[in-house]
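# Understanding the architecture of this molecule
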Amino acid sequence: MVLNQITMAMVSDCLHHVFEALRCLEKRKIIVAINLLRKPLKDNLTYLAWMLGDEDSFYAEFMTGEPERLTHSRLGNKRLEIFTKAIARTRLANMLDASILNALLFDRRRTDGLEGYFQHAVHLVTIQHLELRTAPKNFNFIFANPEEDEIYHVVYAILPYALLFLSHVCAALFDRIRAMDDGARNAFYVRSTCGYCLVEGKGKTEDMLDEVLSQSLVCPKCKSKFQISRHSAARIVLTESYRCSKCRRVSPFPFSWLF
């Protein structure tokens, strides 16, 4: 009961932050977005992964009633182990690496990671670590041009990887509360992993869908055979809709129902 209550509240808090962060990225409010991403990707994700990978350890520490035992300073040396165990509890072992995830989110020395951006977005002045030190006669980020894409390149390179892990951790925890239907579980796995591969340009998801669907399905308006491009594959997998390449009509496509 304790773990279920924590799961529902923490996932809700986590996803509210992620949703608003993505909305801010659309509006080029990049510093606000990074501030909003810091909590779900550093705090919530660590505790959720801990609950999934080793619920007995998490429960024992939580029930001591000592918040000091749950701080990041105490978890720093355990974080890699926490992520490793959580990944093992999902179906993503062949797609995710705990050490890469840990470095991208927490290593301040990684120029391609998020820790430096997290710290600069939260604090106007940082001096504790050389890698994070504020530039002379400056404040962190407040003079940054919102039209520049440099930060977007870093954020967008990491977000799909981190959010894929987060989504599967959340799904696995809710599966413990009440087991998912097998079809729904498989649909979630296929949609999330295919969506990730399409976003990252990995694999041949569009070729697989074209082989399966183009021979048997036609557009309900113009009767043209399905032609699956990368764009239409993303539509099918992520939005459950299909846009005909000939007449351009958008039609519902119940991809999850196939499972």
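Look up: the structure comes first, before these words.
Treat the numbers as computed from the prediction; the structure is a model and nothing was measured. (Residues numbered from 1 in each chain as written. Predicted model: local features only at pLDDT ≥ 70, side-chain atom pairs only at ≥ 80, totals over all residues. Heavy atoms only, no water.)

## Description of the overall build of the chain
Helices and strands together make up the secondary structure of the chain, namely eleven helices and two strands. Listing every helix and strand of the chain by position from the N terminus yields α-α-α-α-α-α-α-α-α-α-α-β-β. Projected onto the principal axes, the alpha-carbon positions of the chain cover approximately 65 × 50 × 25 Å. Going through the 259 residues of the chain one by one, you find that 42% of them count as buried. Element-wise, carbon and sulfur atoms account for 55% of the exposed surface of the chain, whose accessible area totals about 14,600 Å². (Helix = DSSP H or I, 4+ residues; strand = E, 2+ residues; numbered from the N terminus. Buried < 20%, exposed > 50% of the residue type's maximum accessible area, 1.4 Å probe, protein only. Areas by Shrake-Rupley, 256 points an atom, 1.4 Å probe, with all protein chains shown as cover.)

## As for a nonpolar patch on the surface
A surface patch of nonpolar side chains, amounting to about 620 Å² of accessible area, comprises L124, V125, I127, F139, I142 and F143. Summarising the element assignment, F139 is placed in the loop between helix 7 (115–122) and helix 8 (150–177). (Patch = residues over 30% accessible without salt bridge, like charges linked within 9 Å, V, L, I, M, F, W, Y side chains within 5 Å. Salt bridge = Lys/Arg side-chain N within 4 Å of Asp/Glu carboxyl O.)

## What about helix 10 (residues 205–213)?
Where helix 10 is concerned, the buried positions are T205, E206, L209 and L213. Down the axis, helix 10 shows its buried residues gathered within 95° of arc, on one side only. The elements touched by buried residues of helix 10 are helix 9 (182–200) and helix 11 (230–239). (Arc of directions from axis to C-beta. Contact = heavy atoms within 4.5 Å.)

## Observations concerning the pattern of salt bridges
Tallied over the entire structure, the rule returns 15 salt bridges. A salt bridge links E147 to R28; its shortest N-O distance comes to 4.0 Å. Of this pair, E147 sits in the loop between helix 7 and helix 8 while R28 sits in the loop between helix 1 (2–26) and helix 2 (30–53), and the two are 119 residues apart along the sequence. Residue E147 is classed as exposed on the basis of its relative accessible area, which comes to 54%. For R69, the salt bridge is made with E66, and the minimal N-O distance between the two is 4.0 Å. We classify R69 as partly exposed; its relative accessible area is 25%. By relative accessible area, which is 40% here, E66 ends up partly exposed. Linked through salt bridges whose partners overlap, the residues forming this network are R28, E147 and D149.

## Some points on the packing of helix 10 against helix 11
At a minimum axis distance of 9 Å, the contact between helix 10 and helix 11 shows a crossing angle of 80°. Between helix 10 and helix 11, the angle is such that the two are roughly perpendicular. In this structure, helix 10 uses E206, L209 and L213 to contact helix 11, whose residues at the interface are R230, A233, I236 and V237. Residue composition of the contact of helix 10 with helix 11, grouped by class: five nonpolar, no polar and two charged. (Axes fitted to C-alpha atoms, helices over the stretch in contact; angles between N-to-C directions. Parallel < 35°, antiparallel > 145°, perpendicular 65-115°, else oblique. Nonpolar A, V, L, I, M, F, W, Y, C, P; charged D, E, K, R; others polar.)

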